[in-house]
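Each chain, letter by letter, is given below.
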Amino acid sequence: MPGQSGGAVRALVEQVYREQSRRILATLIRLLGDFDLAEEALHEAFFVAVERWQDDGIPANPRAWLVSVGRFKAIDGLRRRARFAASQAALANQLEQLEQEDWSGEDVQDDRLRLIFTCCHPALAADAQVPLTLREICDLSTEEIARAFLVAPATIAQRIVRAKAKIRDAAIPYQVPALNELPERLDSVLRVIYLVFNEGYSASLGAELTREDLTCEAIRLGRLLLELLPEAEVMGLLALMLLHESRRAARMGADGELILLENQDRSLWQQALMDEGCALVERGLRTGRGGPYCLQAAIAAVHAEAISAAQTDWPQIVGLYDVLLRLQPSAVIELNRAVAVAQRDGPAAGLALVEIILQRGDLEDYHLAHAARADFCRQLGQVEAARVSYLRALELVRQAPERRFLERRLHSL
């Protein structure tokens, strides 16, 4: 409706950006064939929307409108550049292809799964595939991605720039691959969807513990992937995400503070998500081709099936972690296993395992490793050791609810 106030229109544009910008970007990349050009077009379109929607009213389909305006702005910009650089044959050819391509506002697809497969193309460096996808699909900042990989932000930024250049220079196709090509890209695609979910389930930094938009997006992509490729590990990943998501409402109190698993109100767990997740775990394991995701989902299913924290089958969880470690050696999995061992055998057993991990130099910059050590020391009455580890964890933590939880534990000493 025309005539809305500038503040109201800006608020709506900001909302559309939060909810739709990555879908719009994915479509612009499909239409323009260039990441940087698409990102520039995306921001141009939203800039125009602030002014035009105030004068002309909100379009019936904002996403289609923004894609159309972004595409027009990109073509117009290329046309201007071509006039001043007539000798650049590649630029002229790119402009000709874009001008000839048939597209209408009705052709608004959800291109994010297609974009994930492009970002995970085997021609790209393995260490760049996932960071590029997290940046372009989920709008995670370089700092958030670096946090997930435990590396410097500058390193992640360089990987992303090189990957974009490779896609452009090698003309990597923007498409979901044929069925016979899917398996070689599946590991990277599963990994990126899981990292998206993790960032939503436990945000790496900021004031909020969770980001529901990211968990829902990861689950949606997992469902799409399962339709495309009903493999055991796809079932396992989707099950794992559903089982974790089923507990999200119980992870924070009304005051926004973190609630540990053993203290959660299990009546708040979503039974439908748990049932769906457990059924997928069983399907995946029955195939005999289950891997790390199926095993992690099986661990989550054991928690889901326990009536109370006290009745959790910790020996079974430790056994599943033993198998998982053989399949996928990882210091983080070792840490999780140490927590399970502490539940089964007592805090001294868990502390001994965490000490080994930290003495190796692994997870030195991972706040949860120091938080686990601190908690085991606290339970054992080793107050000074607990204090040192809580302080180290506080140096590393980037998320406000986790920080407040650690501060409460430290003050309780």
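Criteria and cut-off values
Residues numbered from 1 in each chain as written. Predicted model: local features only at pLDDT ≥ 70, side-chain atom pairs only at ≥ 80, totals over all residues. Heavy atoms only, no water. Salt bridge = Lys/Arg side-chain N within 4 Å of Asp/Glu carboxyl O. Helix = DSSP H or I, 4+ residues; strand = E, 2+ residues; numbered from the N terminus. Buried < 20%, exposed > 50% of the residue type's maximum accessible area, 1.4 Å probe, protein only. Axes fitted to C-alpha atoms, helices over the stretch in contact; angles between N-to-C directions. Parallel < 35°, antiparallel > 145°, perpendicular 65-115°, else oblique. Left-handed = near helix turned anticlockwise from the far one by under 90°. Contact = heavy atoms within 4.5 Å. Nonpolar A, V, L, I, M, F, W, Y, C, P; charged D, E, K, R; others polar. Expected span 1.5 Å × (residues − 1). Arc of directions from axis to C-beta.

## Section: the pattern of salt bridges
Then step 1. Under the counting rule described, the total for this entry stands at 24 salt bridges.
Then step 2. With its nearest N and O atoms 3.6 Å apart, the salt bridge here joins D36 to K164. With D36 in helix α2 (residues 35–56) and K164 in helix α8 (residues 153–169), this residue pair connects regions lying 128 residues apart in the sequence.
Then step 3. Judged by relative accessible area, which is 12%, K164 ranks as buried.
Then step 4. Across the pair R392 and E395 runs a salt bridge, and its minimum N-O distance is 2.9 Å. Of this pair, R392 and E395 both sit in helix α18 (residues 383–396), separated by 3 residues, roughly a single helical turn.

## With respect to the packing of helix α14 (residues 314–327) against helix α15 (residues 331–345)
Then step 1. Following both chains from N to C, one finds α14 and α15 inclined at 160 degrees, their axes separated by 9 Å at the closest point. Judged by the inter-axis angle, α14 sits roughly antiparallel to α15. Of the two elements, α14 crosses α15, and the hand of that crossing is left-handed. The segment α14 lies against α15, with W314, P315, I317, V318, Y321, D322, L324 and L325 engaging I333, E334, N336, R337, A340, V341, Q343 and R344.
Then step 2. Of the residues that constitute the contact of α14 with α15, the class distribution is 10 nonpolar, 2 polar and 4 charged.

## Let's talk about unusual backbone geometry
Then step 1. Of note, A171 is a non-glycine position whose phi angle comes to about 50 degrees, a positive value.
Then step 2. With respect to the helices and strands, A171 occurs in the loop between α8 and α9 (182–201).
Then step 3. For L363, which is not glycine, the phi dihedral falls at a positive 60 degrees.
Then step 4. Assignment of secondary structure puts L363 in the loop between α16 (347–359) and α17 (367–379).

## A look at helix α12 (residues 271–286)
Then step 1. Across its 16 residues, α12 extends 23 Å between first and last C-alpha, which sits within 8% of the 22 Å expected from 1.5 Å per residue.
Then step 2. Turning to α12, its buried residues are L273, M274, G277, C278, L280, V281 and G284. End-on, the buried residues of α12 take up no more than an arc of 160 degrees, which puts them together on one face. When the buried face of α12 is taken as reference, the exposed residues oriented beyond 90 degrees from it are A272 and R286.
Then step 3. At its buried positions, α12 is contacted by α10 (212–228), α11 (232–245) and α13 (292–305).
Then step 4. G288 sits one or two positions beyond α12 and adopts a positive phi of about 80 degrees.

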